[in-house]
Amino acid sequence: MLEQLETLHTGALSELEAVKDSGALHEWESKYLGGKGGVTLLLRGIGQLPKEQRADFGKRANEVRDLLTEAYIGREKLVHEHELARDLEEGQIDVTLPGRERSVGGLHPSTQTLRELYAIWADMGFQVYRSRDVEDDETNFSMLNIPPHHPARDMWDTFYTTTPGVILRTHTSPGQIRSMHELGGNGTQPIRVILPGMCYRYEHITTRSEMQFHQLEGVAIGRNIRMTDLKGTVTAFARRMFGANAAVRFRASYFPFTEPSMEIDVECFLCGGQGCKVCKYAGWLEIAGAGMMHPTVLRNGGYDPSQWSGFAFGMGPERMAMLKHGINDIRYFWGNDLRFLEQF
Ligand code: PHE
């Protein structure tokens, strides 16, 4: 039996040399060291030996088992290293690569700008009023003093739908009418709201014009609202938005729903009014259209224009974001290019 044990020992060792993968390793382990393995069986047969040989045999058998176990552990390490190396070389999964970092989402530059605007206007007492994107012709134009066939309709290239009279709003100004009806209490309540939202125009897309863009409309109606209120309010806004030294300029303009009408410029804060690429060497940047609400519009909202007056403005958040971040092409905003969006 002792001879058997030694043969088994050498045989097991040389077999182990040939083991190349964990499957074979596992087989080897149960063949020699497992519950029904060679060493175990020999140990179990110890009773068949003459008494005086048992102790020596048992001692040697235990030695052999320990030696084989040691050899097994050494081999196991080698096999694993080998398998890992092979996996790394041939396998598709590199288990040693660090995991991919999860990217954290961010707010769209337009959303960021809008939120900045909400905060500033909220401080001045303007509440957000949401008006609809899908409008009727009547509210988008006629109620704003732009009857059918009025040449001023050319100012807004319109998306029509297959339903007659239903269009996509070309500006946020129809919200003036809706907010007056909803909040004005039949022309008895003062109003101070901003109306943010997407507008749609059937435009040729260029670096400076898109088919969709945001506007932020502002409406203030009261008993004694004057042009100086509009100028002061917008100036206060511009100082919060563009810095305490921002200079503001009002230029006469025309909109059918305001009288008088104006366009509002801020001094280019990039060049300090010296003239640069962004302001096209004018020194000024246009940020809004505005004016005193036309009596017809007030009347269409339920107010008596001999008792009530108001101002309105419409600003372009994308314009402001472009100026602020030096973005030179408006098409980036809805291009969904992560290389652009991730910069904000
Ligand atoms: N609705 C105008 C436009 O889209 C802007 C504007 C709003 C002008 C309110 C005056 C008052 O160009």
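Residues numbered from 1 in each chain as written. Predicted model: local features only at pLDDT ≥ 70, side-chain atom pairs only at ≥ 80, totals over all residues. Heavy atoms only, no water.

Trainee: Teacher, can you tell me more about helix H7 (residues 174–183) here?
Mentor: Since the α-helix turns once every 3.6 residues, residues separated by three or four places project in the same direction. Taking burial as the measure, the 10 residues of H7 include 7 buried ones, the bulk of the element. Taken from the residues just after H7, Gly 185 is the one with a positive phi, measuring 55°. (Buried < 20%, exposed > 50% of the residue type's maximum accessible area, 1.4 Å probe, protein only. Helix = DSSP H or I, 4+ residues; strand = E, 2+ residues; numbered from the N terminus.)

Trainee: Just to check I follow, could you spell out the packing of aromatic side chains for this structure?
Mentor: Think of a pair of aromatic rings as described by two things: how far the centres are apart, and how the planes are tilted against each other in angle. Taken as a whole and judged by the stated rule, the model has 15 aromatic pairs. Here Trp 121 and Phe 237 contribute two aromatic rings whose centre-to-centre distance is 5.0 Å and whose plane-to-plane angle is 10°, an arrangement assigned as stacked. Here the residue Trp 121 occupies a position in helix H5 (residues 109–123), and Phe 237 occupies one in helix H8 (residues 227–242), the gap between them amounting to 116 residues. Considered together, Trp 121 and Phe 237 belong to a single accessibility category, that of buried residues. When the centroid spacing of 6.1 Å and the interplanar angle of 50° are considered together, the rings of Phe 333 and Trp 334 count as tilted. Ring-pair connections join several aromatic residues into one group, and the members of that group are Trp 121, Phe 126, Phe 237, Phe 311 and Phe 313. (Phe/Tyr/Trp six-rings, centres within 6.5 Å; stacked < 30°, edge-to-face > 60°.)

Trainee: Please explain the pattern of salt bridges as it appears in this structure.
Mentor: For the structure on display, the rule yields 15 salt bridges. A salt bridge links Asp 337 to Arg 339; the shortest N-O distance between them is 2.7 Å. Relative accessible area serves as the criterion here: at 27%, Asp 337 is assigned to the partly exposed category. Overall, the relative accessible area of 64% leaves Arg 339 in the exposed class. (Salt bridge = Lys/Arg side-chain N within 4 Å of Asp/Glu carboxyl O.)

Trainee: Got a minute to help me understand the site of the ligand in this structure?
Mentor: Near the ligand there are 15 residues, and of these His 171, Ser 173, Arg 201, Gln 215 and Glu 217 occur at the shortest range. In the model, a nitrogen atom of the ligand is placed 3.0 Å from a nitrogen or oxygen of the His 171 side chain. Within the contact set of the ligand, a nitrogen atom lies 2.8 Å away from a side-chain nitrogen or oxygen of Ser 173. Burial of the ligand by the surrounding chains reaches 92%, relative to a free accessible area of 320 Å². Those elements that place two or more of their residues in the shell around the ligand are strand E5 (212–222), strand E8 (284–293) and strand E9 (309–315). (Near = heavy atom within 4 Å. Polar contact = N/O pair within 3.5 Å; in protein donor to acceptor, adjacent residues only side chain to side chain. Areas by Shrake-Rupley, 256 points an atom, 1.4 Å probe, with all protein chains shown as cover.)

Trainee: Quick question: what am I supposed to make of the pairing of strand E6 (residues 248–253) here?
Mentor: Side chains on a regular strand alternate between the two faces of the sheet. In the sheet, E6 pairs with strand E7 (residues 258–267) via 6 bridges, with the strands oriented antiparallel. Paired with Phe 250 across the bridge in E7 is Ile 264. Two successive antiparallel strands, E6 and E7, enclose a turn made up of 4 residues. (Pairing = 2+ DSSP bridges.)

Trainee: In this structure, what is going on with the nonpolar core? I would like to understand it.
Mentor: Soluble globular proteins: nonpolar side chains tend toward being buried together. With 35 residues, the main nonpolar core has Trp 121, Leu 216 and Phe 237 as its most contacted residues. Listing elements by their share of this core, those giving two or more residues are H5, E5, H8, E7, E8, E9 and helix H10 (317–325). In terms of residues, this core owes the most to one element, H8, which gives 6 residues. Setting aside residues up to four positions removed in sequence, Trp 121 forms contacts with Phe 126, Ile 194, Leu 216, Thr 233, Phe 237, Phe 313 and Met 315. With 23 residues, the next largest nonpolar core counts Met 143, Leu 144, Ala 152 and Leu 298 among its residues. (Core = buried A, V, L, I, M, F, W, Y, C linked by side-chain atoms within 4.5 Å. Contact = heavy atoms within 4.5 Å.)

Trainee: When you look at a nonpolar patch on the surface in this model, what are you seeing that I'm missing?
Mentor: A cluster of nonpolar side chains, namely Leu 84, Leu 88, Ile 93 and Val 95, defines an oily patch on the protein surface of about 380 Å² accessible area. Position of Leu 88 among the secondary structure elements: in helix H4 (residues 51–90). (Patch = residues over 30% accessible without salt bridge, like charges linked within 9 Å, V, L, I, M, F, W, Y side chains within 5 Å.)

Trainee: Sorry, what's going on with the domain arrangement of the protein here?
Mentor: Where interface size is quoted, it is often the accessible area lost as the parts come together. The domains assigned to the protein are domain 1 (2–90) and domain 2 (109–341). With centres defined by C-alpha atoms, the gap from domain 1 to domain 2 works out at 85 Å. (Domains from an automatic or database assignment.)

Trainee: Explain the environment of Pro 196 to me, please; I cannot follow it from the model alone.
Mentor: Along the chain, the position of Pro 196 falls in strand E4 (residues 191–200). When its relative accessible area of 3% is taken as the criterion, Pro 196 is described as buried. Linking Pro 196 and Gly 314, residues 118 residues apart in sequence, is a C-alpha distance of 9.2 Å. Here Pro 196 is in contact with Leu 114, Tyr 118, Val 128, Tyr 129, Arg 130, Arg 169, Thr 172, Gln 215 and Leu 216, once residues within four sequence places are set aside.

Trainee: Is there a simple way to explain the side chain of His 9 in this structure?
Mentor: Within the secondary structure, His 9 sits in helix H1 (residues 2–18). For His 9, a relative accessible area of 10% puts it in the buried group.

Trainee: Could you clarify how one ought to interpret unusual backbone geometry in this entry?
Mentor: The residue after Glu 259, namely Pro 260, is reached through a cis peptide bond having omega -5°. By the element assignment, Pro 260 lies in strand E7. At Lys 280, a residue that is not glycine, the phi angle is positive and equals roughly 50°. With respect to the helices and strands, Lys 280 occurs in the loop between E7 and E8. For Lys 280, a relative accessible area of 57% puts it in the exposed group. Positive phi is not limited to glycine here, since Asn 336 has a value of about 55°. The topology assignment puts Asn 336 in the loop between H10 and helix H11 (338–341). Residue Asn 336 is classed as exposed on the basis of its relative accessible area, which comes to 61%.

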